[in-house]
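Single-letter residue listing:
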Amino acid sequence: MNSIPASTWTRRLDAAEPSSATHTFSRPPIMEALSLLPIAYRVGTYISNERSQGSEPIFDLSGLCLEPPKPGPHAGVPLGGLGGGCIGRGFKGEFRRWSLDPGRYIHRIISADVFSLRVKRGDTIYSKVLSVGKATEHSASAQSRWDWGLDPACATYHALYPRSWTVYKNPVPDITVTIEQVSPFLPGSYSEASLPCAVFQVEVVNTSTESEAEVSVMFTFQNGYDGGTSCTACGTSSCCTCSAARDTTSNNSSNADYSFCGPFRDSDGGLTHCDFQYTSTVDAPLQPLQTSEAENQANLTEECCDKIAGVCMTRPSASLPSAAYFSCTCSSPNASPALSATESAELCGFCAQRFTGLGSFAIASSTPSVTSSVTTNATSVHPPVLSTCPQFVTESVSRANSSVYDYLCGSSDPAHTHNDHTGSHAHSSAHQLWHSFATTGDIHEIHDTVGADSSEMNQRNVSQPGTHVGGAVCLRQWLAPATTVATATENTIDSNRKIFPFSLSWDNPFVRFGHHSNTTTAHSNSNNNNSSISSNSGVSGLVLPRYYTKFFGTSGLSAPELAAYALLQVHDWKYRIEQWQQATLQGNHSSSDMNSPNDTTSGSMDPEPSTHRKQSDNYYDHMLFNELYFLADGGTVWTDSTTGVSNQKVAQSSIGKDTTVSSSGGTGGEGGYQDKGEGRKGTVYSANTSNDSVRTSNSQDALLEPLYVADTNRETTDPVSTAKNKSRYKHSHISHAQLQAHLSTLHIRRLHSLHHTMKTHDILAQESNGDQALVGQFLYLEGHEYLMYNTYDVHFYASFALLMLWPQLELSLQRDFARAVAAEDKSTRVMMGTGDTRPRKVKGVVPHDLGSPSEQPFFKTNAYNFQDVSRWKDLGPKFVLQVYRDYQYLHRKHSSAMHSKNNYSKGHVSTTNDQTQQPIDGATISTSSTESFTKGMEDFLREIYPVLLVVMQSTELFDTDKDGMIENAGFPDQTYDIWIAEGVHAYCGGLWIAACEAMCAAATVLQDTPTAEYYHNLAQQARSVYIQKLWNGRYLNYDSSTSYHHDSIMADMLAGQWYTHACALPPVLPPKVALSCFSTIYQHNVVDFGQGRLIGAVNGMRPPAEYDTKVGKKELSTRVDGMAAVTVTGTEATSTGSDEPDSSTALTSIPPVSSPIVPLQQQQKIVSRAQVDSSCMQSREVWTGTTYALAAAMIQEAHYSINSNSNKIDIIDRLPGDLSGKQVMMDLSTGVDSPVDHLSEKKDNEQAKQDVEMVVRKGDMPGNVPTLAPDPLSRELIHAHSSYSTVQSQTHKQLTAAERALLLEMAHSTAQGVHDGGWQEFGYWFATPEGWERNGNYRSLGYMRALGIWAMQFAKEQR
């Protein structure tokens, strides 16, 4: 096992927890709370109505005070890849946050889900559960007699997502244990990255020099997450307010039986467990599935093993509400015809699996091969022993039956088999399991089979009602004494150190959205074709296959294969993760900060090097990766298609062409988006008739056919219909014999075949330009408490992570929103924020989100109902900017690769920071493929282009006075949805100018010259209004109204400036003006707000009394086509262009921040020059994502000045008005377009063109200069819309070196506040909230926007 990287987030397990007064949700002051009572009433009524109808609202709030869940400061690195469900572990090692179903976060600790250690030295035996929980905390579970009570002082946690390390020093004498956790979070992979599994490599070191040690490590896991010691969201065992409690009590209500995605109760019984194994043979050895050069470098021969063994635990994942409402929708020969409401129906195996759902968990381990490089003499004398226990009882639902409770906790005779309590179902109790483990070091299936017939034998590992059950895997190995260098030999080196590998996997192949429909009828309209979903439909739901089922099938029984695959591939995954992280950080700090992945000679995994740096010193290194947890744990769903079956052929969807765009979402290719609503039956979407890939990818599907039968013995009352005695599908179960027969077919050859399929698929997917037939569709929630998918105004900040790591998923997401623009839903709703009644979706407007888990994402957008988003001013510009940024970034990356002399060589990851060009093993991405990709990116832009035009036209309607600038309407009509803006707004106005520039650039690329000219002029007009109405000589006022907060200092005022640099567009403001704004924000929103601490940038601050914030008083020295050169005087930035900063400027130093951080309750009162804007809750909050965006904008500004070798950008071609036929030079230091004499500049301009053309021909792109299109008609306009295109000129210098250094220092101090506040003082690690107030109280834990830290990395890589 490799050493722990230095750049990890570290926390001792005995560290004091944050104060409960700090780590809690924020509450408004009394007076503000009174003003919010109407909103609270509407929100409370909405939530109550939704839950009474069997649906979950979009806000996870409960109780009279609308309180969110309170999971506490306990989170750690979560488990699993993207979109297959996620299991969150706490930093103390507990499994505590479950999100296996869409939109459902269950906060619960299961006592049985632990690792345990047993060490024998001579006649002395030590045993200990590797958990710091006290025995009293588990007294209600069957594990109460296990050896709990580990001293937390012996353990330290390290996290660098997607890996973590927990180091236990001397949990028993002379033993050190390190548990490394690895998930397949593999950037650039469109196969393995979707796998729902994780690996735990437990390294045990015998530090005694006198005696050998017989060591056993056991991994136990419960089948499901029902039960538990207490609700971790509120800390009580009888919670009735949090979402976790609603899940455990919902089955008592009448609606729960008819909830489309209602959970199965583990205690209902019928859970089938069975052990499985893979055995190495000569013709099919158990070795890594890849043999690339990279793996050889990583010395992966130690991964060879003799045997893989584990336990498969099956479980139903959902119940079918009423068979009468469903019929087969596929065209298979086994499909049943649709039957009337009074008749019973029987679905074919595939459709029944979609609706009822069979899922599985698996845990597994492996033994090292006798030919492995890590095998020692001790191994041959004492071969490792791998044992399993398929099923043991973990918990009883009730203690009412004392005999059952006695059975669960074991009797005084641990060898006694409790057949008297369970009849023929003889399970090993938790106490018996522990007794076997502690005494022998192995575990056994304890049951009495004497005299049992075959039917009894078949049911021996099927759980009984009233019990929770789990499985266990144990590996026993011998460790030699520790040796000194003098006595060490070749055969004894590291023989005191052994790896105990374990894997966990879960297979829930279909994701189920929707709920029991309410009485409202929703109407949708698409191209004058009306459709409706009425209450008579009974259930409005959507069932989709997860993306990983492309490779592992939809049987629901693939968990054993996933577990075995993970064990074989874990070293490959670790290597690729290490290479990616090292390459990413390569330019940020010395390479010595992270250990080499090949360094296996460092000996002990000592987490505390002698020169260990403070957490705050390397905050960026670990935060950059640790904030990525949300991509997997953000309620993420990665689907294969929206039709319920796998995509069959590669086909590009037609966006913006002459086809009917339905309000229903979908994918490209056959069975994708259906024109005019075809291919649907009722409310269930028809399956693709070509289902070969599903059948061939998992031949075990045929096994499922007889498992789905109608249960006519159960009677129920349907709340929709009064008909009685309807046939109702019971939860899908599988017998022990069927499961055993399935597991007997497992073979290593299938894993090799799967791997080859995935490798080939990745090559195609990486060049697909977002083709959803290849890369599927991606959904992630706005937050753990805000249950809306792909919230677009927030994705604006978070999208940099997806773009840089999985660019094809980002393009797929943009396609979904492009389709949604054309959708229309005329159903009306009451807006929670205002009480107005508004239509759900207006045609031609960008939606706020793609739907919620309780409805039909893709098909029913705009689940958000707090404000009327059709009147929001930021959604349209954000869509245009993101689409163009995606195009420009990927086109530039691949263009650079095309001009590079050296193609990528074979290997897993590139040695550069370019994650978009990660080769797969054995694949070389050639120049021809990059040429194809760049053309494909232009095709992508061309497809989305008609939608961009529509969005810009609809947004321009908000320009009420026709001056070129949009105006806000006096209500919270942007992402700050309770912060009122009116008139010209610093945030929305800047985004509008940037969007006009992006539209001009997109039109230029597609050679639409009239449109390019129009939006160029519009940007100039809007920029003039923007400066005149908001610039006060020091910063931009909040808006142009006369409100109390009109001149507040908004941290996000330069969002438009930030995105113009990210898109390589002309900036919204001149550099000196932007520097003045940034410095003002830093001084007040960061330093003054923190009062001696760094805790981020508050959204709004009131200016000091001495500031004159009036606008229009500055003389505009020059004006051309609406652009002004602003002369700033006094303590403000100047546009003189001098190499040295103006002597009167105060921008060359940063106000100091006290260090170390003083806790809030201890710090002295600091008089602030400015006060927090208290106009609303959001104005006084620090938004984590906004703080990261502000830091990114500062970095972009500094790098923009570095990359710009000149202040002049050549704008040549047909320009409107007085400038027609003239050449215009834009002075970027002042933002002025100045007409110049064409003849006097002709020679210089022709030389400049020749220089640029020479650069293009040679492929020698200085810095990050984008490749210019070869078409001569569009070349000049492209020059005008790339802030990195260089034409030599020596006039008007950019920011000085001191000013650029100032920006970079301010950027990192600003971003460090999220770490120092959220990840140190307040306790929000791996649950970064949307925001917090000065006292640390949070709002909305686990929030998407914090992924915005990758905007900082984006800016760094553009340097």
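Refer to the preceding data block for the structure.
Source: prediction; values computed, not measured.

Peer 1: Which parts of the structure should I look at to understand unusual backbone geometry?
Peer 2: For residues that are not glycine, phi is negative in most cases, and the peptide bond is trans in most cases. Between Tyr161 and Pro162 the backbone carries a cis peptide bond, its omega angle lying at 15°. Although it is not a glycine, Phe858 sits at a positive phi angle of roughly 80°. In this fold, Phe858 is placed in the loop between β31 (837-841) and α21 (875-899). Here Gln1007, not a glycine, exhibits a phi torsion of approximately 60°, which is positive. Relative to the helices and strands, Gln1007 is located in the loop between α23 (986-1005) and α24 (1009-1030). Gln1007 sits in the partly exposed class, given a relative accessible area of 40%.

Peer 1: How should the sheet that holds strand β5 (residues 106-107) be read in this particular structure?
Peer 2: By way of backbone hydrogen bonds, the strands of a sheet pair with one another, either parallel or antiparallel. With respect to topology, four strands assemble into an open sheet ordered β2-β3-β4-β5, the strand pairing being antiparallel. A single partner strand is all that each edge strand has here, and the edge strands are β2 (75-79) and β5. The pairing of strand β4 (residues 95-99) with β5 spans two bridges and is antiparallel. Paired with Arg97 across the strands is His107, a residue of β5.

Peer 1: What exactly am I supposed to notice about the packing of aromatic side chains here?
Peer 2: Any aromatic ring pair is given by two values, namely how distant the centres are and how the planes are angled relative to each other. One pass over the full model with this rule turns up 64 aromatic pairs. Aromatic side chains Phe95 and Phe221 sit 5.7 Å apart centroid to centroid with 75° between the ring planes, which places their arrangement in the edge-to-face category. Placement of the pair is Phe95 in strand β4 and Phe221 in strand β12 (residues 213-222), with a sequence separation of 126 residues. For the pair formed by Phe95 and Phe221, the shared burial category is buried. When the centroid spacing of 6.4 Å and the interplanar angle of 80° are considered together, the rings of Tyr619 and Tyr620 count as edge-to-face. Each member of the pair Tyr619 and Tyr620 is classed as buried. An aromatic cluster is present here, built from Trp9, Phe91, Tyr157, Tyr629, Phe630, Phe778, Tyr780, Trp1319, Trp1325 and Phe1326 joined pairwise through their rings. The positively charged end of Arg89 is found above the aromatic ring belonging to Phe95, 4.9 Å away from the centroid.

Peer 1: Before we go on, may I ask you to explain the sheet that holds strand β35 (residues 1100-1102) in this structure?
Peer 2: The strand order across the open sheet formed by three strands is β34-β35-β38, and the pairing between neighbours is antiparallel. Each having just a single partner strand, β34 (1049-1050) and β38 (1171-1172) make up the two edges of the open sheet. Here β35 runs beside β38; their pairing, made up of two bridges, is antiparallel. By the bridge assignment for β38, Arg1102 is matched with Gln1171.

Procedures and definitions
- Residues numbered from 1 in each chain as written.
- Predicted model: local features only at pLDDT ≥ 70, side-chain atom pairs only at ≥ 80, totals over all residues.
- Heavy atoms only, no water.
- Helix = DSSP H or I, 4+ residues; strand = E, 2+ residues; numbered from the N terminus.
- Buried < 20%, exposed > 50% of the residue type's maximum accessible area, 1.4 Å probe, protein only.
- Pairing = 2+ DSSP bridges.
- Phe/Tyr/Trp six-rings, centres within 6.5 Å; stacked < 30°, edge-to-face > 60°.
- Lys NZ or Arg CZ within 6 Å of the ring centre and 35° of its normal.

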